[in-house]
Amino acid sequence: MKANLDVLPLNSWIDTNGKPLIIAGPCSAETEEQVTETVRRIAKEGYAHVIRAGVWKPRTRPGSFEGMGEAALPWLAAVKKETGLPIAVEVATPQHIELALKYGIDILWIGARTTVNPFNVQDLADALKGVDVPVLIKNPVNPDLALWVGAFERIAGAGIKKMAAIHRGFSNAQETKYRNSPMWQLAVELKTSFPQLPIIGDPSHMAGKRAYLFELAQRALDLNYDGLIIESHRSPDDAWSDASQQLTPEALGEMLRELEVRKPSYGEDFQSELDKLRQKIDNIDRELLEVLAARMAVVEKLGEYKRDNNVAVLQLDRWKQVHNSRAEQGKKLNLYPEMVEELFKLIHMESIRKQTEVMNQQPA
Ligand code: PEP
Ligand code: MN
């Protein structure tokens with residue numbers, strides 16, 4: 001994806017002391033007591049840099065709790081004053097933005113059900129013109145990278161430079177292990193296209209269940225994400241929304257302590273050793289490609305020979321023999337069997353394509 005985004009580094013607007021950014025808080029602000037107790041307990045644990053809470057809740061179906069709205073904003077302003085922690089809320093309309101800013105909310109996020117709609121995102125961008133507030137953008141519910149990028153472009157168009165992506169996974173048509181499929185490759189693609197854009201993992205909305213939070217959070221850190229946003233409630237089972245995926249502030253602390261942050265080591269030895277290994281990989285890859293090209297040259301000869309003797313391209317017995325013997329050799333070399341199988345399927349497909357091409361050429 002070609003484009004450019006003018007984005008400031010995360011540590012220019014939030015100090016995490018070199019650690020991954022942790023945003024914690026309830027799915028929804030429910031009552032003043034629930035907000036106050038939850039945030040106090042999170043603050044006491046000491047891991048959070050930002051508090052999250054949903055005030056306007058876009059629910060999939062009507063009739064469920066849709067958030068306390070403006071009434072919840074003074075509760076958040078009060079815990080901010082008490083703990084000194086900045087507050088993030090979800091905004092979905094220009095009026096939400098106006099109210100959030102009026103009550104001193106520090107960070108806004110755009111939810112997955114809003115990112116899908118360019119008109120909606122443009123309305124938010126228009127309302128943000130001339131405002132200096134960080135905006136986090138969740139991936140759209142559908143796995144469409146361009147739609148996600150488009151939302152960044154619209155918000156950037158309003159002059160916002162403090163932006164980050166929140167990867168919360170994508171809706172499933174069928175029952176799957178996770179509530180939302182992570183489809184990590186999409187986020188990796190976003191990171192590759194916009195290396196300067198910070199990315200925050202949202203294991204809560206990927207998981208849907210407490211039991212999967214740890215593995216998803218660890219995976220995000222292994223992919224070098226800049227932070228995590230995780231839902232925490234004083235009494236998760238009693239939560240008015242997303243009850244089964246929330247953790248108590250203390251359980252979240254325990255989980256965060258068990259996560260491993262793979263710190264990049266900047267020692268000179270580390271870098272030169274890494275460079276040496278990467279150079280080896282580069283050389284081996286070059287050889288791999290040369291070997292493949294040599295194989296293709298033989299395939300071309302084979303195609304000509306088959307053509308001149310009027311033999312069909314695909315000889316099933318031969319393919320079975322290739323398949324079995326390569327699987328056998330791969331096993332002896334300790335290669336992952338599925339990888340060997342997929343690799344030779346690809347090579348075989350290309351070999352058939354090449355031979356078919358040769359078949360249809362007139363002999364020289
Ligand atoms: C939330 O963060 O509580 C929320 C509604 O998330 P999403 O937009 O990812 O569904
Ligand atoms: Mn939620």
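Everything numeric in this text was worked out from a predicted model, so none of it was measured.

How each quantity is defined
- Residues numbered from 1 in each chain as written.
- Chains lettered and ligands numbered in written order.
- Predicted model: local features only at pLDDT ≥ 70, side-chain atom pairs only at ≥ 80, totals over all residues.
- Heavy atoms only, no water.
- Buried < 20%, exposed > 50% of the residue type's maximum accessible area, 1.4 Å probe, protein only.
- Helix = DSSP H or I, 4+ residues; strand = E, 2+ residues; numbered from the N terminus.
- Arc of directions from axis to C-beta.
- Contact = heavy atoms within 4.5 Å.
- Polar contact = N/O pair within 3.5 Å; in protein donor to acceptor, adjacent residues only side chain to side chain.
- Pairing = 2+ DSSP bridges.
- Axes fitted to C-alpha atoms, helices over the stretch in contact; angles between N-to-C directions.
- Core = buried A, V, L, I, M, F, W, Y, C linked by side-chain atoms within 4.5 Å.
- Donors = N, O, S within 2.8 Å, 3.2 Å for Na, K, Ca; no water.
- Domains from an automatic or database assignment.
- Near = heavy atom within 4 Å.
- Nonpolar A, V, L, I, M, F, W, Y, C, P; charged D, E, K, R; others polar.

Colleague: Can you break down helix 5 (residues 118-128) residue by residue, with the values?
Modeller: Looking only at helix 5, the buried set comprises V121, L124, A125 and L128. Each buried residue of helix 5 lies within a common arc of 100 degrees when the element is viewed along its axis, so the set occupies one face. Elements that come into contact with the buried residues of helix 5 comprise helix 3 (94-102), strand 4 (107-110), helix 4 (112-115), strand 5 (135-138) and helix 6 (145-157). A distance of 2.9 Å separates the backbone nitrogen of F119 from a side-chain oxygen at the start of helix 5, and that oxygen is part of N117. Count one or two residues on from helix 5 and you reach G130, which has phi positive near 80 degrees.

Colleague: So what about the environment of Y103? Which residues, and what values?
Modeller: With respect to the secondary-structure elements, Y103 resides in the loop between helix 3 and strand 4. For Y103, the contacting residues outside a window of four places in its chain are E70, L73, P74 and A77.

Colleague: Let's hear about the side chain of H205: which residues, and what values?
Modeller: Along the polypeptide, H205 turns up in helix 8 (residues 203-207). Classification of H205 as buried rests on a relative accessible area of 8%. Reaching out from H205, the side chain makes a polar contact with the side chain of E231 at a distance of 2.9 Å. If sequence neighbours within four positions are ignored, H205 has contacts with R52, K138, R168, R179, N180, E231, D242 and Q245.

Colleague: How would you sum up the pairing of strand 1 (residues 21-25)? Please name residues and give values.
Modeller: Burial runs high along strand 1: 5 of the 5 residues are buried. Side chains L21, I23 and G25 project from strand 1 onto one buried face, and the interleaved I22 and A24 project onto a second face that is buried too. Summarising the sheet, strand 1 and strand 2 (residues 50-52) pair through 2 bridges and their orientation is parallel. Across the sheet, the residue bridging to I23 is V50, located in strand 2.

Colleague: Could you give an account of the side chain of D202, with specific residues and numbers?
Modeller: If you trace the backbone, D202 turns up in the loop between strand 7 (199-201) and helix 8. The class of D202 is buried, set by a relative accessible area of 1%. Within the structure, the side chain of D202 is placed 2.9 Å from the side chain of H205, a separation counted as a polar contact. Apart from residues lying up to four places away in sequence, D202 is in contact with K138, I166, H167, R168 and I229.

Colleague: Talk me through the sheet that holds strand 4; I want residue IDs and the actual numbers.
Modeller: The strand order around the closed barrel formed by 8 strands is 1-2-3-4-5-6-7-8, and the pairing between neighbours is parallel. Pairs of neighbouring strands in the sheet enclose a mean axial angle of 25 degrees, with direction left out of account. Sheet analysis places strand 6 (residues 163-167) next to strand 7, joined by 3 bridges and oriented parallel. What sits directly across from I166, in strand 7, is I200.

Colleague: An account of the nonpolar core is needed here, citing residue identities and associated values.
Modeller: The biggest cluster of nonpolar side chains holds 70 residues, and the ones touching the most others in it are L76, V89 and I155. Here this core takes 6 residues from helix 6, the largest share from any one element. Leaving out residues up to four positions away in the same chain, I155 has contacts with I110, V121, A125, L128, V135, I137, I160 and M163. By size, the runner-up hydrophobic cluster in this structure holds 14 residues, among which are L21, V50, A164 and I229.

Colleague: Please give an account of the coordination of the manganese ion (ligand 2) that cites residues and values.
Modeller: The manganese ion (ligand 2) binds to the protein through C27 (SG), H205 (NE2), E231 (OE) and D242 (OD); the donor distances cover 2.0 to 2.4 Å. Donor residues for the manganese ion (ligand 2) sit on one chain with the sequence pattern C-x177-H-x25-E-x10-D. On the criterion of sequence distance, the pair formed by H205 in helix 8 and D242 in the loop between strand 8 (227-231) and helix 10 (249-258) is long-range, its members being 37 residues apart.

Colleague: Lay out the domain arrangement of the chain with the relevant residues and their values.
Modeller: Note on interface size: it is often stated as the accessible area lost on association of the parts. When cut into domains, the chain gives domain 1 (10-258) and domain 2 (268-359). Between the C-alpha centres of domain 1 and domain 2 the distance comes to 45 Å.

Colleague: Explain the site of ligand 1 to me, and be specific about the residues and the numbers.
Modeller: All residues adjacent to ligand 1 are C27, R52, K57, E90, W109, G111, A112, R113, K138, R168, H205 and E231. K138 is positioned with one of its side-chain polar atoms (N or O) 2.8 Å from an oxygen atom of ligand 1. Measuring from an oxygen atom of ligand 1, one finds a side-chain N or O atom of R168 at 2.6 Å. Residue composition of the shell around ligand 1, by class: 3 nonpolar, 2 polar and 7 charged.

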